[in-house]
Amino acid sequence: MNPKLFRSFAAVALAAFGAVAAAAELAPGTVIDKGNIDKVKSDTFEGKTIGSMLPEKLEILIRSQGLKMTLRRSEPVPKDARWIEATKKYAGDVKLDPKTRQISGYKAGLAFPNVDMSDPNAAVKFMWNADRAGGYPRGNLQDYPLFAFLFIDGDKGIERVQHWALIRYFMTGRIDGQPVLGDGSVHYNQLLFAHYPYDIRGLGTFTVRYNDGRPDEISAYIKSVRRTRRLSGGAWADPIGGTDQLADEIEVMSAYPLWYPQYKLLGKRWMLGVAHSKASPWNENEKDQQKAFPNVDLSGPPYWNPKDEWEPREVYVIEATMPQEHPYSRKVMYLDADTWVFYFGEAYDKKGDFWKASIFNMRPLKTQDGGWSIISNQGHTIDLKRRHATIFVQGKPSRFNTPGVGAKDVSLSVLEAAGQGTFVAK
């Protein structure tokens, strides 16, 4: 062999060997931050490179906003056996109209358990799966007796804390023996009302979400007149109170799927997400803010990052085009391919610039009737333009599928009782 050619070949081989040798398998507990991200991007965790598991915008949050990720070994998320049976029993009846994108025949379980990635309607089918997971991960009844909204100034920290409650009762997609209640027109009824501080105590809404895509029926309790008033159904894309979160981005996506005119499947990939969030995110009796909210990094600016454990999760990446009246032009959402919950969302303004990030940290929850569900332990909606954020934090232990609670317990009359201070939770 020509000596020069040999030396060149040897140099290339040594460089390649050095690159392989430099890459390492990271241990659980490793923290990824802006100080080491360049070093660890080529390292692996559970056999996948860190760089391949960081969506571009999530990496931006590490580099420019101080997000830190503690690695955790992945583990399966338990599923409710009744949900698996419902999927087997009913999924064959579900049909999608390609022209209207509407579904028919849905009762319970997963709407589309077997979707080909090459299917031109794959993206909208995945969105229906997220919306109609049917008793799992959302349960038949969601009862959040107490959660907090933290309002965060990115330069100063917590501005204020509000206490709220939410109860959502599903009328379709149930896995307790009767998949559909009533005439099948209603998907769920929801109560949302404030506990604290005093100036907002009693404020709340009662929402009816329909199955056919008509606007939500929303009634609000007005403290000044001690009456409920009907609101416009078009409020689904408005901010929730004074928060940074729009009504359609609870848990990243909470709009009726067809309110967005178009979806595009950008691919399937692995990412780091929080599927087993640390419990007790809110210690109500602690006066020190960091001890009170241990899963929020309050040590310094921007004060809005989660302190949690991240694991490899396989996700579908879906881009949604917003209707003209929506504040955003598009959203990119990362949907777990196994549990059908969203971990991360990117919102873009009308000029196409990255505007908001949504990070939701999930964990399995044993339901009151012995099954399994998934709960949002904490949710971060970050407005990068305003340098402001709103963080949803779980409080008292939430109860899903509570025996003895029926549709009558999630109604307009209950909202009035909550507003007048006479509501008593079961």
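Here is what the cut-offs are and how they apply
- Residues numbered from 1 in each chain as written.
- Predicted model: local features only at pLDDT ≥ 70, side-chain atom pairs only at ≥ 80, totals over all residues.
- Heavy atoms only, no water.
- Buried < 20%, exposed > 50% of the residue type's maximum accessible area, 1.4 Å probe, protein only.
- Helix = DSSP H or I, 4+ residues; strand = E, 2+ residues; numbered from the N terminus.
- Contact = heavy atoms within 4.5 Å.
- Salt bridge = Lys/Arg side-chain N within 4 Å of Asp/Glu carboxyl O.
- Polar contact = N/O pair within 3.5 Å; in protein donor to acceptor, adjacent residues only side chain to side chain.
- Pairing = 2+ DSSP bridges.

Chemist: Can you explain helix H7 (residues 412-419)? Please cite residues and give values.
Modeler: When we look at burial in H7, the residues that qualify are Val414, Leu415, Ala417, Ala418 and Gly419. Looking at the buried side of H7, the elements it contacts are strand E9 (186-196), strand E10 (204-210), strand E11 (217-222) and strand E12 (227-231).

Chemist: Any details on the pattern of salt bridges? Residues and values, ideally.
Modeler: Inspection of the entire model under this criterion finds 29 salt bridges. For Asp338, the salt bridge goes to Lys79, with nearest N and O atoms at 2.7 Å. In this pair, Asp338 is assigned in the loop between strand E17 (330-336) and strand E18 (342-348) and Lys79 in the loop between strand E4 (69-71) and helix H4 (81-90), connecting sequence segments 259 residues apart. Of the charged contacts in the structure, one is a salt bridge between Arg82 and Asp369, with a shortest N-O distance of 2.9 Å. Here Arg82, found in helix H4, pairs with Asp369, found in the loop between strand E19 (354-366) and strand E20 (372-383); they are 287 residues apart in sequence, far enough to count as distant. Its relative accessible area of 28% is what places Arg82 among the partly exposed residues. Classification of Asp369 by relative accessible area gives partly exposed; the value is 32%. Here the residues in one salt-bridge network are Arg72, Glu75, Glu309, Glu311, Arg313 and Asp336, joined through shared partners.

Chemist: Would you mind going over the side chain of Arg174 in detail, with residue names and values included?
Modeler: In this fold, Arg174 is placed in the loop between strand E8 (157-170) and E9. Here the side chain of Arg174 touches Asn140 through a polar contact of 3.4 Å, landing on its backbone oxygen. At 2.7 Å, the side chain of Arg174 forms a polar contact with the backbone oxygen of Phe170.

Chemist: Outline the environment of Asp369, supporting the account with residue identities and numerical values.
Modeler: The spatial distance from the C-alpha of Asp369 to the C-alpha of Pro257 is 29 Å, given a sequence separation of 112 residues. Discounting residues that sit within four places of it in the chain, Asp369 has contacts with Arg82 and Asn401. At 3.4 Å, the side chain of Asp369 and the side chain of Asn401 are in polar contact.

Chemist: Got a sec to walk through unusual backbone geometry? Specific residues and values, please.
Modeler: With omega at 5 degrees, the peptide bond leading from Tyr196 into Pro197 counts as cis. Locating Pro197 in the fold gives a position in the loop between E9 and E10. Cis geometry marks the peptide bond from Pro301 to Pro302; its omega dihedral reads 10 degrees. Inspection of the secondary structure assignment puts Pro302 in the loop between strand E14 (296-297) and strand E15 (305-306). The backbone of Arg101 sits at a positive phi, close to 65 degrees, despite the residue not being glycine. For Arg101, the position within the fold is in the loop between strand E5 (95-96) and strand E6 (103-104). Positive phi outside glycine occurs at Tyr303, with the angle close to 70 degrees.

Chemist: Before we move on, could you go through the pairing of strand E16 (residues 309-321) and cite the residues and values that matter?
Modeler: For E16, the buried fraction is high: ten of the 13 residues fall into the buried class. Note: E4 against E16, two bridges, orientation parallel. Bridge assignment links Thr70 to a residue of E16, and that residue is Glu309. In the sheet, strand E13 (residues 262-273) pairs with E16 via eleven bridges, with the strands oriented antiparallel. In the sheet register, Lys268 faces E16, and the bridge partner there is Tyr316. Two strands pair when backbone bridges link them, and E16 and E17 are joined in this way by seven bridges, in the antiparallel orientation. Paired with Tyr316 across the bridge in E17 is Leu335.

Chemist: Which residues make up helix H5 (residues 122-131), and what values do they have?
Modeler: Counting buried residues along H5, ten of its ten residues qualify, which places the element largely inside the surrounding structure. Within H5, the full set of buried residues consists of Ala122, Ala123, Val124, Lys125, Phe126, Met127, Trp128, Asn129, Ala130 and Asp131.

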